[in-house]
Amino acid sequence: MEPVRRKALVDAALRVIGDHGSLAVTMSDIARQAGVSPALAHHYFGSKEQLLIETIRSLLRQLRNDTVTALAAARTPRARLSAVIRVSFHADQFAPETIAAWLAFYAEAQRSEETRRFLVIYARRLRSNLLADLKVLLPADAAERIAEGAAAMIDGLYIRQSLKSAPIGIEASIALTEDYLNALLATASPSPRSEKGRPHRTTQGQMT
């Protein structure tokens, strides 16, 4: 039962953080949401801080797995870019409680070095996945500039989604990011590598 209960506590932490909009929740709040006692929650995780770290690890792990699967199914550099964009706005990642939890972790990163480290990992993975295929299509300097812009746009759309007065849906967010990418790809000079093609990457070479 331990893996099941640990997952239930992580899922409960995500929901409670999302409902509160901050990490100012108690182990009792999380345990109540999971339907277990606070003592059992402490038994599995030791402290609220350890449970919160496991929660952000879980978010990153799910995002990584979804990205690896999506990239494995894409056959061209441009299709892989679209796969990265679509995964970023997947329904699970774009759920209101998940967005609220991400924003809470960003706020906590101003105080917690460990939380900041995990968010840096996320940012590097997103940039790396965009940059890998942009470099096939464009010169390195243009690829890096567009990768930074696309990553910033994805993060910005998450923030906009958190403003309940101005929500943006999944498909609209994907379309906006694709429009941005298409506009810049159309004006940038192609990379010599894009004409020669590129060997298909294995999923092991994706986000690690």
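Residues numbered from 1 in each chain as written. Predicted model: local features only at pLDDT ≥ 70, side-chain atom pairs only at ≥ 80, totals over all residues. Heavy atoms only, no water.

1. Comments concerning helix H3 (residues 38-45)
Those residues of H3 lying buried are Ala-41, Tyr-44 and Phe-45. Along the axis of H3, the buried residues cluster in a sector spanning 80°; they form a single face. Away from its buried face, by an angle of more than 90 degrees, H3 presents the exposed residues Ala-39 and His-43. For H3, the secondary structure elements touched by its buried residues are helix H1 (2-20), helix H2 (27-34) and helix H4 (48-73). Directly beyond the C-terminal end of H3, a positive phi value near 80° is found at Gly-46. (Buried < 20%, exposed > 50% of the residue type's maximum accessible area, 1.4 Å probe, protein only. Helix = DSSP H or I, 4+ residues; strand = E, 2+ residues; numbered from the N terminus. Arc of directions from axis to C-beta. Contact = heavy atoms within 4.5 Å.)

2. Topic: the nonpolar core
Formed by 60 residues in total, the largest nonpolar core has its most connected members in Leu-130, Leu-134 and Leu-138. Broken down by element, the residue count for this core peaks at nine residues, all from helix H8 (residues 140-162). (Core = buried A, V, L, I, M, F, W, Y, C linked by side-chain atoms within 4.5 Å.)

3. Looking at the environment of Pro-139
Considering the arrangement of structural elements, one finds Pro-139 in the loop between helix H7 (113-137) and H8. The class of Pro-139 is partly exposed, set by a relative accessible area of 30%. Along the primary structure Pro-139 and Pro-190 are separated by 51 residues, whereas in three dimensions their C-alpha atoms are 6.7 Å apart.

4. With respect to the packing of aromatic side chains
The full count for this structure, using the stated rule, is four aromatic pairs. With centroids separated by 5.4 Å and ring planes inclined at 85°, the aromatic side chains of Phe-89 and Phe-94 adopt a geometry described as edge-to-face. Across this residue pair, the class does not change: Phe-89 and Phe-94 are buried. Taken together, Phe-89, Phe-94 and Tyr-158 form an aromatic cluster joined through their ring pairs. Above the plane of the ring of Phe-45 lies Arg-6, whose end atom (NZ or CZ) is 4.3 Å from the centre. The lysine or arginine in question, Arg-117, covers the ring of Phe-118, its NZ or CZ lying 4.7 Å from the ring centre. (Phe/Tyr/Trp six-rings, centres within 6.5 Å; stacked < 30°, edge-to-face > 60°. Lys NZ or Arg CZ within 6 Å of the ring centre and 35° of its normal.)

5. A short note on the pattern of salt bridges
Tallied over the full model, the rule gives 10 salt bridges. Between Glu-178 and Arg-78 there is a salt bridge, with its nearest N and O atoms 2.5 Å apart. Pair noted here: Glu-178 is in helix H9 (residues 170-187) and Arg-78 is in helix H5 (residues 77-88), with a separation of 100 residues, a long-range link. We classify Glu-178 as buried; its relative accessible area is 13%. In this structure, the salt-bridge partner of Asp-133 is Arg-80, at a minimum N-O distance of 2.9 Å. With a gap of 53 residues between them, Asp-133 in helix H7 and Arg-80 in helix H5 connect regions that are remote in the sequence. Owing to a relative accessible area of 0%, Asp-133 belongs among the buried residues under this scheme. On the basis of relative accessibility, which here comes to 3%, the residue Arg-80 falls in the buried class. Linked by salt bridges that have partners in common, Glu-54, Arg-57 and Arg-61 make up one network. (Salt bridge = Lys/Arg side-chain N within 4 Å of Asp/Glu carboxyl O.)

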